[in-house]
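Descriptive structure summary
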Amino acid sequence: MSERSTTVDGARTAHAARVADWLRGNARVELDPAGATMTRLPGGNSNETYLLSSGEGRVVVRMPPAHGLDPSAHSMAREWVVLRALNDTEVPAPRALAFCADTDVAGAPFLAMEFVADAVSVLDELPHAYRDTPGAASELGVAAIDGLATLHTADWRAAGLEEFGRPQGYLARQVPRWESHFRRNQTRELGMFDRVRTWLAGNVPPERPAALLHGDFHLDNCLVSVHRPAVVSIVDWEMSTIGDPLVDVGLFLALWGRRPVTRPAMPRLQAVSRSGEVIDRGDLVVRYADRTGRDVSHVDWYLVFALWKLGAVVEAAWARHVRGLARSDYSAALRHDVPALFEEAAVLAGVG
């Protein structure tokens, strides 16, 4: 991974020497524990990401937060399995270095991976070097969909991921699963949730051949080159599994380009795709289909599902905010963002 930007987290920094020492002994990572520091990298709300530095050495460390939302969203062991499997493939992903399950080292299990130089994530601003490149945002969209195509055509069985997920019946399980998640965390009545759920349950696409999917794919979870519009690495793999890869395509496309509501949820996500004329969703779908050979005839269902699922997932963070367990701009904004996600899903489904 690369730096997104840095803020110091004192509690984790105190573990820097122990983490560096463990990595030196278990992963042959040459970091001097005496001079090690850990600096928090913003971005991502499921797990905490740190830059571990000592002298010229830099390693990225990922670990779950002190108070998680759902075990499936914080599994460092899961992320380790998939990244290690991808180490020798063409999928753009950071090289996994080590996984430590011993919570005495850093206060939580952690995953160490390579630091990717000259790369950043983007939200509402393109890297400075892109500003003289006409169509840079469109090029990033193409690069992202090509990255997905590479992931979804990777031979996950040959990579040793036969037991990584339950592909049989994957799509049929999704609506009941995320409805249950929402009900467990629900704090308010949101009628659009039920309206969209009914539409989704009645229109589930037929089961297709499975692939390795990322589970939370959008530009914020990509590192792009600071020099030219290109995706260098896809990060934050804790939600990955084996299943229907169009789930990834649905989320990326749902957040791409102009949104069909006046005040969309999470407006900074992929905001660079709304700053001017960009390649439209339809062209990106065609490109994906050409590169994967996948049937994309039900792609609209996946867009609706992506927004509805995202709302169901992050309602848990709003519930923690209501109970006083989370106080941040992100959690406070969910007062609007969750119902806005369901509203947008309803519009796309034609039931709004």
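Residues numbered from 1 in each chain as written. Predicted model: local features only at pLDDT ≥ 70, side-chain atom pairs only at ≥ 80, totals over all residues. Heavy atoms only, no water.

Observations concerning the overall build of the protein
So the rule is basically this: The numbering of helices and of strands both runs from the N terminus, where a helix is a DSSP run of H or I of at least 4 residues and a strand a run of E of at least 2. For every residue, the accessible area (1.4 Å probe, protein chains only) is compared with the maximum for its type, and the residue is labelled buried under 20%, exposed over 50%, or partly exposed between those bounds. Should any heavy atoms of two residues lie within 4.5 Å, those residues are considered in contact. Calculation of accessible area relied on Shrake-Rupley with a 1.4 Å probe; when residues are assessed, cover is drawn exclusively from the protein chains displayed.
Summing up its helical and strand segments, the protein has 11 helices and 11 strands in all. Classification of the 352 residues of the protein by burial places 55% in the buried group. Residue pairs in contact within the protein that sit at least 24 positions apart in sequence constitute 72% of those at least 6 positions apart. Carbon together with sulfur atoms contributes 48% to the accessible area of the protein, which is approximately 15,100 Å² in total.

Description of the layout of surface pockets
Over the atoms rolls a probe the size of a water molecule, and in doing so it shows where empty space is left. Put simply, the rule is: Any residue with an atom within 4 Å of a point lines the site, the site being either a cavity, points on a 1 Å grid over the protein atoms alone where a 1.4 Å probe fits but cannot get out, or a pocket, an open set with protein on both sides within 12 Å along at least 5 of 7 lines. Grid points are joined across faces, edges and corners, and a volume is the space filled by probe spheres set on the points.
In this structure, the second largest pocket occupies an estimated 320 Å³ of space. What lines the second largest pocket is a set of 18 residues, and nearest its centre among them are Arg-78, Tyr-170, Gln-174, Arg-177 and Thr-241.

Comments concerning the nonpolar core
Across soluble globular proteins, nonpolar side chains have a tendency to be buried as a group. Applicable threshold: Put simply, a nonpolar core is a bunch of buried Ala, Val, Leu, Ile, Met, Phe, Trp, Tyr and Cys residues held in one set by side-chain atoms that sit within 4.5 Å of each other.
Core analysis: the largest hydrophobic core is formed by 90 residues, its most contacted members being Leu-212, Trp-237, Phe-252 and Trp-308. When residues of this core are assigned to their parent elements, the largest contribution, 14 residues, is made by helix 10 (residues 299–322). The residues contacting Phe-252, other than those within four sequence positions of it, are Gly-141, Ala-144, Ile-145, Phe-217, His-218, Leu-219, Gln-270 and Leu-284. If you look at the next biggest cluster of nonpolar residues, it comprises 21 residues, including Ala-16, Met-38, Val-61 and Ala-98.

Quick look at the packing of helix 5 (residues 136–152) against helix 8 (residues 246–254)
For clarity, the cut-off: Note on definitions: angles span 0 to 180 degrees between N-to-C directions of axes, and those axes are lines fitted to C-alpha atoms, for helices only across the stretch in contact. Angles below 35 degrees are treated as roughly parallel, those above 145 as roughly antiparallel, those between 65 and 115 as roughly perpendicular, and all remaining angles as oblique. Under the scheme applied, nonpolar residues are Ala, Val, Leu, Ile, Met, Phe, Trp, Tyr, Cys and Pro; charged residues are Asp, Glu, Lys and Arg; polar residues are all the others, including Gly.
Orientation of helix 5 relative to helix 8, taken along the N-to-C sense of each, is 170°, at an axis distance of 10 Å. Judged by the inter-axis angle, helix 5 sits roughly antiparallel to helix 8. Taking contact as the criterion, the partners of Gly-141, Ala-144, Ile-145, Leu-148, Leu-151 and His-152 in helix 5 are, on helix 8, Asp-248, Val-249 and Phe-252. Of the residues belonging to the contact of helix 5 with helix 8, the class tally is 6 nonpolar, 2 polar and 1 charged.

Some points on the pattern of salt bridges
Put simply, the test is: Salt bridge, as used here: a side-chain nitrogen of Lys or Arg that lies within 4 Å of a carboxyl oxygen of Asp or Glu.
For the coordinates displayed, the defined rule picks out 14 salt bridges. A salt bridge links Asp-236 to Arg-62; the nearest nitrogen and oxygen atoms lie 3.3 Å apart. You can see Asp-236 sitting in the loop between strand 10 (231–234) and strand 11 (241–243) and its partner Arg-62 sitting in strand 4 (residues 57–63), a full 174 residues away along the chain. Each member of the pair, Asp-236 together with Arg-62, is buried. The residue Asp-124 makes a salt bridge to Arg-268 at a minimum N-O spacing of 3.2 Å. You can see Asp-124 sitting in the loop between strand 7 (119–120) and helix 5 and its partner Arg-268 sitting in the loop between helix 8 and helix 9 (281–292), a full 144 residues away along the chain.

Comments concerning empty space enclosed by the protein
Counted according to the given criterion, the structure contains 1 cavity of 30 Å³ or more. Here the largest cavity is characterised by a volume of approximately 50 Å³. Considering the residues around the largest cavity, the lining is formed by Pro-167, Leu-171, Pro-206, Glu-207, Arg-208, Ala-210, Gly-243 and Asp-244. When the residues that make up the lining of the largest cavity are grouped by side-chain class, the tally is 4 nonpolar, 1 polar and 3 charged.

Focus: the confidence of the model for the protein
To keep it simple, the criterion reads: For every residue, the predictor reports its confidence as pLDDT, a number between 0 and 100.
Chain-level pLDDT for the protein is 92 on average; 93% of the residues reach the 70-or-more range. Note that residues 1–9 has pLDDT below 50 and, in this model, 46 contacts with residues that lie over four places away or in other chains.

Regarding the packing of helix 8 against helix 9
To characterise two packed helices, one gives the angle between the axes of the helices and the distance between these axes. Applied cut-off: For any pair of crossing helices, the crossing counts as left-handed if the nearer helix is rotated counterclockwise from the farther one by less than a right angle, and right-handed if it is rotated clockwise.
For the pair helix 8 and helix 9, the least separation of the axes is 11 Å and the interaxial angle reads 155°. The angle between helix 8 and helix 9 places the two elements in the roughly antiparallel class. Judged by the twist between their axes, the crossing of helix 8 over helix 9 is right-handed. Along the contact surface, helix 8 presents Leu-246, Val-249, Phe-252, Leu-253 and Ala-254, while helix 9 presents Arg-281, Leu-284, Val-285 and Tyr-288. In the contact of helix 8 with helix 9, the residues fall into 8 nonpolar, no polar and 1 charged.

Remarks on the sheet that holds strand 7
Formally: Any two strands with at least two DSSP-identified bridges between them are counted as paired.
As summarised here, the arrangement of the 3 strands in space is 7-9-10, forming an open sheet in which the pairing is antiparallel. Lying at the two open borders of the sheet, with one neighbouring strand each, are strand 7 and strand 10. Relative to strand 9 (residues 222–225), strand 7 runs antiparallel, the two sharing 2 bridges. For Ala-119, the partnering residue across the bridge sits in strand 9 and is Ser-225.

Some words on helix 10
Under the convention used in this document: A helix's residues, less one, multiplied by 1.5 Å, set its expected span. Throughout, bend refers to the angle between the axes fitted to the seven residues that end at a position and the seven residues that start at it.
Under the 1.5 Å per step criterion, the end-to-end length of helix 10 is 35 Å for 24 residues, consistent within 8% with the ideal 34 Å. Taken as a whole, helix 10 carries its principal kink of about 25° at Val-314. Of all 24 residues in helix 10, 21 are buried, a share of seventy percent or more.

Observations concerning the environment of Pro-245
With respect to the helices and strands, Pro-245 occurs in the loop between strand 11 and helix 8. Taking the C-alpha atoms as reference points, Pro-245 and Ala-144, separated by 101 residues in sequence, lie 14 Å from one another.

Let's talk about unusual backbone geometry
Its identity is not glycine, yet Asp-236 carries a phi of approximately 60°, on the positive side. A positive phi angle is found at Gln-270, which is not glycine, with a value near 55°. Take Gln-270: it is sitting in the loop between helix 8 and helix 9.

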